[in-house]
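Spelled out, the chains give:
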Amino acid sequence: MNKDRSSVVLRWLFLAPTMLGIGLFVVVPILGSLVLAFFRWDIITSPQFVGLQNFAEIATDSTVAVSFANTAVFVVVAVIAQLCVAMLLAVLVQSSMPGWLRVFFRSTFFFPLVLSAASVSILMKYLFNESYGVVNWALSLVNIPAVPWLTSPQWAMVVVICVYVWQNFGFSFLLFIGGLGAIPTEVYEAGDLDGATGPRRFFHLTLPLVSPTLLVASVMAIISALQVFDQPYVLTRGGPGDSTRTVVMVIYESAFRQLEFGRASAIGLILMVLIMLVTAAQFRLARRFVFYQ
């Protein structure tokens, strides 16, 4: 009996540091943000309860509306591009090639994810500079005029999406590698006998069998993309104009530039609810499109 009690106490002691960290740095901030959404607070003065006024002001704020629209466009394009690139490369890497070369490509494609998003964005800002960037220099070699990558509303979002996809596709790539590796070889052998080769093999065998992994990758990719901040902030500061300003950038600016923490918390609460709704919709759709072996 004493041994059982001591083992239980020992387990809780091991769990205590993690639970304490989650409580202090996750649960408490979330609850504080939920409460603060109904107050007006600038740190200097005492919080003032305003009820739903923060949400009413957000509903009529054009900057917030533009940021949500930009984020929606970013999520759709970036997530589709990220998943397509990751899936294509995973299929190629899993095809017939020497084992050492497969390991090399896995490490190479995952490497950008290890780097800091801010440092990658700073480097890319120099590469895409209109005056002295390497990208425009390479285009000049084939007589293509310089493109205002970061100063044009049409091109700025394209650059932000490309930088984001380049840095983040490695995680989805590894997930797909694991999913493809779990497909039994007998399935492909049977498919070959039935004439399922090339694109038919991918769409009728590979894609259905890897659909559970695709669900996980898409859920995580959408959650991450909805919270994008580093790339647009470092590359364009949300410009030109508001063409690349995202929701998290507006939260940051509201809290730490305008000292409107209640407004920032209200926007964060809306974003959290949106993430939950999108994730729930994905799992709902998964009942029809995800196949388990």
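For the structure itself, look to the data block above.
Numbers given to residues run from 1 along each chain, matching the order in which its sequence is written. Local features in a predicted model are, by the rule used here, given only for residues with pLDDT of at least 70; side-chain atom pairs are given and counted only at 80 or more, and totals for whole chains, interfaces and linings are based on all residues. Side-chain measures were taken over the full set of non-hydrogen atoms in the model, leaving aside hydrogen atoms and water.

## Structural notes on helix H12 (residues 247–256)
Point 1. Burial status follows relative accessibility: with a 1.4 Å probe on protein chains alone, a residue under 20% of its type maximum counts as buried, one over 50% as exposed, and anything between as partly exposed. By the criteria applied, helices consist of DSSP H or I runs no shorter than four residues and strands consist of E runs no shorter than two, each listed in order from the N terminus. Of all 10 residues that make up H12, 8 are buried, and the element is covered over most of its length.
Point 2. Looking only at H12, the buried set comprises Val247, Val248, Met249, Val250, Ile251, Glu253, Ser254 and Ala255.
Point 3. In what follows, a contact means two residues having at least one pair of non-hydrogen atoms within 4.5 Å. As for H12, its buried residues are in contact with helix H3 (62–94), helix H10 (211–226), helix H11 (230–235) and helix H13 (261–289).

## Description of the side chain of Ser67
Point 1. Position of Ser67 relative to the elements: it lies in helix H3.
Point 2. The exposure class of Ser67 is buried, given its relative accessible area of 1%.
Point 3. Discounting residues that sit within four places of it in the chain, Ser67 has contacts with Arg245, Thr246, Val247 and Val250.

## A short note on the side chain of Ser254
Point 1. The residue Ser254 is located in helix H12 in this model.
Point 2. We define a polar contact as two N or O atoms separated by no more than 3.5 Å, with the added condition that, inside protein, one atom must be a possible hydrogen donor and the other a possible acceptor, whereas residues neighbouring each other in sequence contribute only through side-chain atom pairs. At 2.4 Å, the side chain of Ser254 and the side chain of Arg263 are in polar contact.
Point 3. Aside from chain neighbours lying at most four places away, what touches Ser254 is Leu259, Glu260, Phe261, Arg263, Ala264 and Ile267.

## Let's talk about the environment of Tyr252
Point 1. When you line up the elements, Tyr252 lands in helix H12.
Point 2. Since its relative accessible area comes to 28%, Tyr252 is described here as partly exposed.
Point 3. Expressed as a C-alpha distance, the spacing of Tyr252 and Thr236, which sit 16 residues apart in the sequence, is 15 Å.
Point 4. Contact partners of Tyr252, with chain neighbours within four places excluded, come to Phe229, Tyr233 and Arg257.

## A word on helix H7 (residues 153–181)
Every α-helical turn comprises 3.6 residues, leaving residues that sit three or four positions apart pointing alike.
Point 1. Every helix has an expected span of 1.5 Å times one less than the residues it contains. When the terminal C-alpha atoms of H7 are compared, their 42 Å separation across 29 residues agrees well with the 42 Å that a helix rising 1.5 Å per residue should span.
Point 2. Working definition for bend: take the seven residues up to and ending at a residue and the seven starting at it, fit an axis to each, and measure the angle between the axes. At Asn168, H7 shows its largest bend, some 40 degrees.

## Looking at the nonpolar core
Point 1. Here, nonpolar core refers to any group of buried Ala, Val, Leu, Ile, Met, Phe, Trp, Tyr and Cys residues whose side-chain atoms link them within 4.5 Å. Ranked by internal contacts, the top residues of the largest apolar core, which has 63 residues, are Phe74 and Phe173.
Point 2. Ranked by residues supplied to this core, first place goes to H7 with 12 residues.
Point 3. Ignoring any residue separated from it by four or fewer positions in sequence, one finds Phe74 in contact with Val79, Met157, Val160, Ile161, Tyr164, Ala225 and Val228.

## Comments concerning the pattern of salt bridges
Point 1. Take a side-chain nitrogen of Lys or Arg and a carboxyl oxygen of Asp or Glu: if they are within 4 Å of each other, that pair is a salt bridge. Counting across every chain of the model gives 5 salt bridges.
Point 2. Among the ionic pairs, Arg245 bridges to Asp242, the shortest N-O distance being 2.1 Å.
Point 3. A relative accessible area of 11% places Arg245 in the buried class.
Point 4. Linking Glu260 and Arg263 is a salt bridge whose minimum nitrogen-to-oxygen distance equals 3.9 Å.
Point 5. Judged by relative accessible area, Glu260 falls into the partly exposed class, the value being 33%.
Point 6. Look at the salt bridges and you will find they share partners, linking Asp61, Glu260 and Arg263 into a network.

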